[in-house]
Amino acid sequence: MRLRRRRCLVCYWHEGAFAAHPYPGGPAVTLPAVGATILSAFEDWTTPEQATATLAHLDGATLTQAVTTLRKHGLVLEEGSAEADRDAAIAHQWRSWEPEATFFHYATQDIHIAQPPAEPPAEPTAEPTAARQKLEIEQLPPIFTDHPDAERILLPRHPTLDQDRLRAPLAEVLYARRTHRHFTTDPVDLNTLASLLSICFAPVDFIDAGEFGAVYRRTSPAGGARQELDAYLAITNVTGVPAGLYHYNSLQHSLELLDKGFTHDDATHLCAGQDYFGQAAFLVILVAVIERARVKYRTPRSYRVSLLNAGHLGQTFALAATALGLGPFQTGAFHDTAIADRLGLDNTSRTPLYVLGAGHPDPHPDPGSEHALPPAELDAFRTTPLT
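Residues numbered from 1 in each chain as written. Predicted model: local features only at pLDDT ≥ 70, side-chain atom pairs only at ≥ 80, totals over all residues. Heavy atoms only, no water.

Draft legend 1. Focus on the pairing of strand E8 (residues 214–217). The pairing of strand E7 (residues 205–208) with E8 spans four bridges and is classified as antiparallel. Along E8, the bridge assignment pairs Phe206 with Tyr216. Linking E7 back to E8 in an antiparallel pair, the connection comprises five residues, with Gly210 at a positive phi of about 65 degrees. (Pairing = 2+ DSSP bridges. Helix = DSSP H or I, 4+ residues; strand = E, 2+ residues; numbered from the N terminus.)

Have a look at this one:
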């Protein structure tokens, strides 16, 4: 019988203990630190006797017991077993994303939320519930972010020109949407930016979330209406707005100045060297306020929801920008730490998740750009696996 260390395995220290976390399936197993040494002896298919020879400094009986424990928890797998075959298949399929993406994906799968037994409706009372009292002790995080000492630009509301543009048929906007990488040097009008920010990020209404107090809804869905994503802007070419870094205060509908000065080269750098995005009139950085979501949703899977929420906002942004005559884009390739530093974020309680942006689309993009590429014809399909 030969055994091998599970390929889909992450080890870490948690609450003072060494943990080995197999995936998919889990859960994490607490091991003595020497467990890492024993696991390393099974890097490739190895018999327990061969492993014993390489671990001569360990007591034989202890090693035998340790191997039994490792097998019981699926940390080492038996050659030819279905579990070993699946482990190898996952490691191969996800190989260029291992271990970070694979571990996050599988370690947050198959959430199980226990449902409490049904209880008769409680009598109305003015007294706070136990959950509410607990939250009051922990202090619910504010549902809006503001920078009270920042200089601010109050944005115009309900510009009539943009309202007319936004009446375009939905199908027309959906099919017109494209990701743009080439922009003119024409500035974006402040009214247009104000409309875009209001449509995407401002409150639509407020609702009573019980023990979680009042929450607000946007035009995009968000888990539990926690609205943990804030919009920060890096502006280079908007009429009436000096180049700089800003926070969109969605409660006030204002831009709060965080840092003066921002260039196309700065935008290129923050977007991981993508110089075409550096030519946009402005960037919008979606920043997660972790505690705003975590106070309600305590499981690690909730981070997935924040990523999905960012995608929802990104799609609304792309459609609204298209309707307003702008060329939108979005990218997941950016320097998180550099962006956090420029925005003054701690990158712990507030961290960037997604970068959006827009400008006036160039009607004559470079020949190699997506918009200049010809339609796919028969020759292209001959080399393309479709099914």
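There is more to say after this.
Draft legend 2. Region of the structure containing helix H9 (residues 190–201). Helix length check: H9 (twelve residues) gives 16 Å between terminal C-alpha atoms against 16 Å at 1.5 Å per residue, within 8%. The element H9 is extensively covered by neighbouring structure, given that nine of its twelve residues are classed as buried. Where H9 begins, the side chain of Asp189 points an oxygen toward the backbone nitrogen of Asn191, at a separation of 2.9 Å. (Expected span 1.5 Å × (residues − 1). Buried < 20%, exposed > 50% of the residue type's maximum accessible area, 1.4 Å probe, protein only. Polar contact = N/O pair within 3.5 Å; in protein donor to acceptor, adjacent residues only side chain to side chain.)

Draft legend 3. How the structure looks around the pattern of salt bridges. Across all of its chains, the model carries 14 salt bridges by this definition. With a closest N to O distance of 3.6 Å, Asp44 and Arg7 form a salt bridge. Note that Asp44 is positioned in the loop between helix H1 (34–40) and helix H2 (48–54) and Arg7 in the loop between strand E1 (3–5) and strand E2 (9–14), a separation of 37 residues in sequence. The residue Arg342 makes a salt bridge to Asp266 at a minimum N-O spacing of 3.8 Å. Residue Arg342 is found in helix H13 (residues 336–343), and its partner Asp266 is found in helix H10 (residues 264–270); the two are separated by 76 residues along the sequence. (Salt bridge = Lys/Arg side-chain N within 4 Å of Asp/Glu carboxyl O.)

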